[in-house]
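Here is how the chains run, residue by residue.
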Amino acid sequence: MSWRGARWLRRAVQVASLLFFLVLAFGTLQRFAPRLPADAFFRFDPLTAFGAMIAGRQWLWHLSVALIVVVATVVLGRVWCGWVCPMGTVLEYARFKKARRRQKRLPPRLRLTKYFLLVMVVVGAALGSLTLMVLDPITLITRSTTASLIPGIDYLVRAAEKVMAHVGWLQGAVSWIDNSVRGHVLPAVAPVFSQAVFLGLLFLSVIALNALADRFWCRYLCPLGALLGLLSKAALLRPVIGAACPSCSGCAGACRLGAIDAEGKTAQVEPGDAGAAASEASPGPVYEVVTSECTMCLDCLVACPAHESMRVGLQAPAGPWRGYDPGRRQFLTATAAGAGSVLLLGAGWWNKLQPPRLIRPPGVHSEGAFLSSCVRCGACMNVCPTSGLQPALDEAGLAGLWTPQLKPRMGYCAWQCTSCGQVCPTGAIPRLHLSTKRRDVIGTAVIDRNRCLPWSQGKSCVVCQEVCPVPKNAIELTGGKLVTTPDGLAEYLVYPNVRADRCVGCGFCEFSCPVSGEAAIEVRPASTAPTPSKDDSSPIGERDAVRRA
Amino acid sequence: MGSELTRSEFLKLLGITAAGVAFLPGEQLLGGLMTPDEAQAAVVSRFPDLSVATGHSLNANHIAAITRAALNNLGGMGRFVHKGDVVVVKPNIYGTRVPANACTTNPTVAATVVRECFKAGAKQVKVMDYPCGGDHVQSYNMSGIGPATKAAGATVLQMSSSRFKSYPIPKGKRIRSLSIYPDIVKADVLIGVPIAKNHGGEQISLACKNLMGCTSEPGKMHSAGTGQAIPDLVSFLRPDLCVLDAIRVRVSGGPGGTDPGSVRLKYTVVAGADPIAIDAYGAKNFLGMNPRNVAQLINGSSMGLGQIDLGKVSLKKVSL
């Protein structure tokens, strides 16, 4: 196969991977029992996989397939970045004309940033904090798809439907969308995320950085790219430039990562050709491919006019350390920064005070252990059928940024659903049997009698009781009596009360309460403190346990 | 206006004609004199107000037979559905509950009603509900009503939130306007197929309460007080026929309870055109309540929506 053919194969793999990502996102959207493996990409992402294992102090067998990517990188280089990563694919094809010119002015040392971030992420994980995992490209694209892309598409379709509903002959189309598309491809319940615009803009900013350099994120920022880059220092295979190089700079111009050093420092000749190269003594500079930056995209091989001068060959020994590779000083600084960030993220009001309105997904009872295993990907929020799981901003403290929390006014924890635990890539939300989940207390509802319609205005309303799914209803009705209103109408009055011993905190009552604005019944963290579990071994977890004790 | 007939004049005329016709003897003679509608009105008197059919088993074929018996004793579906009609069958699909929970209409009862509509010549039968909170797809499937009525040939629709329209409720005392799904308002025939269950706040959930699933603004009705809001809705959206599923009856913990202890097996289907009468019957016989103590029935009866006094309701009972 020619290099051109190989490049087409790569593009096909890239597009297929991105499509697979989208199929997973749309195919598990708001499903009670998602049949597709929503965590597929996380199983192969070594940063989240091993980060979660380090932070959680446990070996997660289902994530050990990430070793495949590690091995592949050691053999083939950063093929993940060039062939598989959906984020990388988006960034590869979102191109700006002027980027080519601008990227030359960016200092090469900027590439250090990603190593810096990687060390911070790893040090954070070692100290039990996964907050910085928000920088992982797979969590980034999953979170953005969940909270912005899909709600955006859904909003557009709903807006179009609203217009179409006024046009007689389009009724059929509206009906078709609602009956055949909704609940299958599009969500049945409009997904609404409080941070949709914010997260969408963040994602767009990452793309907009491409205006400064091609694949800016992958070159300078991506901690996963940095990890794979370090591994591919020792990659066995890489593009090698032979002695027949005409020094045209075609390869360097084609490389989107700027991985080909065209400044021609030392002629690095592949071992096999060593003798021949030396004897021929090529006149021009011989370029060099920096393996830690190379994504094995093969563009250089296609661009090379002298086909015999460039090929994929064995690399031995490992590539040399570059000026923009991390040195001891950078490593130490990053380590200190990582440790410092954990301290800073951990220091806040939430140390002294249990977050007053934080409701975690079912099965999550140790806040510390949860923060040490949640990679902030947002897959649970995508699958949540009511869109009740929302990304936290500061509700769980800064350390809990973008972790899932139940916001019952936005959506409740559905009685027949265990999806969040099924899709969680790290088991931060445990996989619960439905019968266990139904008994799992995540909070307790509280009625505000000053706002409740029957209590405050003498109106008959027990929507909370109507929707309560607990077998022996957790809303107890008292004082039922038939009354006559001042205007002579009959009304049956009855007053709702929460039976805290039955309430599991699903929040269906808060979601459905007809009182405008804040509900007259609200879910608070469970009024009985759960006992800290035994696996609560991380530093934050211990702190958490002490706080509760 | 001028010499044209106004609606009120037309109605008066119609009343006088009907009264006059009523004095005329003999059915053959009537058949020759009356318009089809009037002939039907006269035929009504031959049938009971309510028809009650009771069986003895949860077998699906048997439940279908109970439903058919209840409809046949009322004069058959042909009384309500005519050739070419577009029919809306409105079951109670409370939410994600299975039939054994007795929170949602029995799927066999709903499917049998759909089949009878087609037998009577209906062009299309639409089945829909607006489950209180949650996912249409899941609720339709779990209740079994979606698959069962689809198999019977019905068009099972999800109510699109974009298509609800606000309608004025001219006779409403508390509710003056309400957002209702247009397909239901425009249908030639509306058949309510509720399940008999108790309701913590509204006392009963039968034919009248079932209509709350036609609006996207239940909160507005709750804020207005459902004791009057439900009759207000009935005054606008009165079903042509109600088929009350009392195969399984939820006697407490309603409308959404899941404890099996409060489900009673009654194996009964009640059919009738008067939603107040059918609710009065259901409240008394299945839920053990005096209809005169149920707010929605008191207000409904005082609005003239139907007969609350069961002594004045003619019954035909049959046991299978």
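Everything numeric here is computed off the predicted structure, so don't read it as measured data.

Novice: Quick rundown of the packing of helix H12 (residues 275-285) of chain B against helix H13 (residues 295-302) of chain B? Include the residues and the values.
Specialist: Each packed pair of helices is defined by two parameters, the angle between the axes and the distance between the axes. Residue and element names in this part refer to chain B. Between H12 and H13, whose axes approach to 10 Å, the crossing angle comes to 150 degrees. With respect to H13, the element H12 is oriented roughly antiparallel. Crossing handedness for the pair H12 and H13: left-handed. In contact with Ile276, Asp279, Ala280 and Ala283 of H12, H13 contributes Leu297, Gly300 and Ser301. Residues of the contact of H12 with H13, tallied by class, amount to four nonpolar, two polar and one charged.

Novice: Which residues make up unusual backbone geometry, and what values do they have?
Specialist: Residue and element names in this part refer to chain B. Here glycine 254 and proline 255 are connected by a cis peptide whose omega angle stands at 5 degrees. Inspection of the secondary structure assignment puts proline 255 in the loop between strand E10 (241-250) and strand E11 (263-272). With a phi angle near 50 degrees, tyrosine 267 is a residue other than glycine that sits in the positive phi range. Mapping tyrosine 267 onto the fold places it in strand E11. What makes tyrosine 267 partly exposed here is the crowd of 19 C-beta atoms within 10 Å.

Novice: Kindly report on the domain arrangement of chain A, identifying the contributing residues and their values.
Specialist: All names here are of chain A. In terms of domains, chain A is made up of domain 1 (3-156 + 192-228), domain 2 (237-314) and domain 3 (349-548). Each of domain 1 and domain 2 has a C-alpha centre, and these two points are 28 Å apart. On the side of domain 2, 14 residues touch domain 1, which itself brings 18 residues to the contact. Mapped onto the side of domain 1 that touches domain 2, the elements with two or more residues apiece are helix H1 (3-27), helix H4 (66-76), helix H5 (79-84) and helix H12 (216-221). Among the elements that take part in the side of domain 1 that touches domain 2, H1 stands out by supplying five residues, more than any other.

Rules used throughout
Residues numbered from 1 in each chain as written. Chains lettered and ligands numbered in written order. Predicted model: local features only at pLDDT ≥ 70, side-chain atom pairs only at ≥ 80, totals over all residues. Axes fitted to C-alpha atoms, helices over the stretch in contact; angles between N-to-C directions. Helix = DSSP H or I, 4+ residues; strand = E, 2+ residues; numbered from the N terminus. Parallel < 35°, antiparallel > 145°, perpendicular 65-115°, else oblique. Left-handed = near helix turned anticlockwise from the far one by under 90°. Contact = placed C-beta atoms within 7 Å. Nonpolar A, V, L, I, M, F, W, Y, C, P; charged D, E, K, R; others polar. Buried ≥ 20, exposed ≤ 12 C-beta atoms within 10 Å, placed from the backbone. Domains from an automatic or database assignment.

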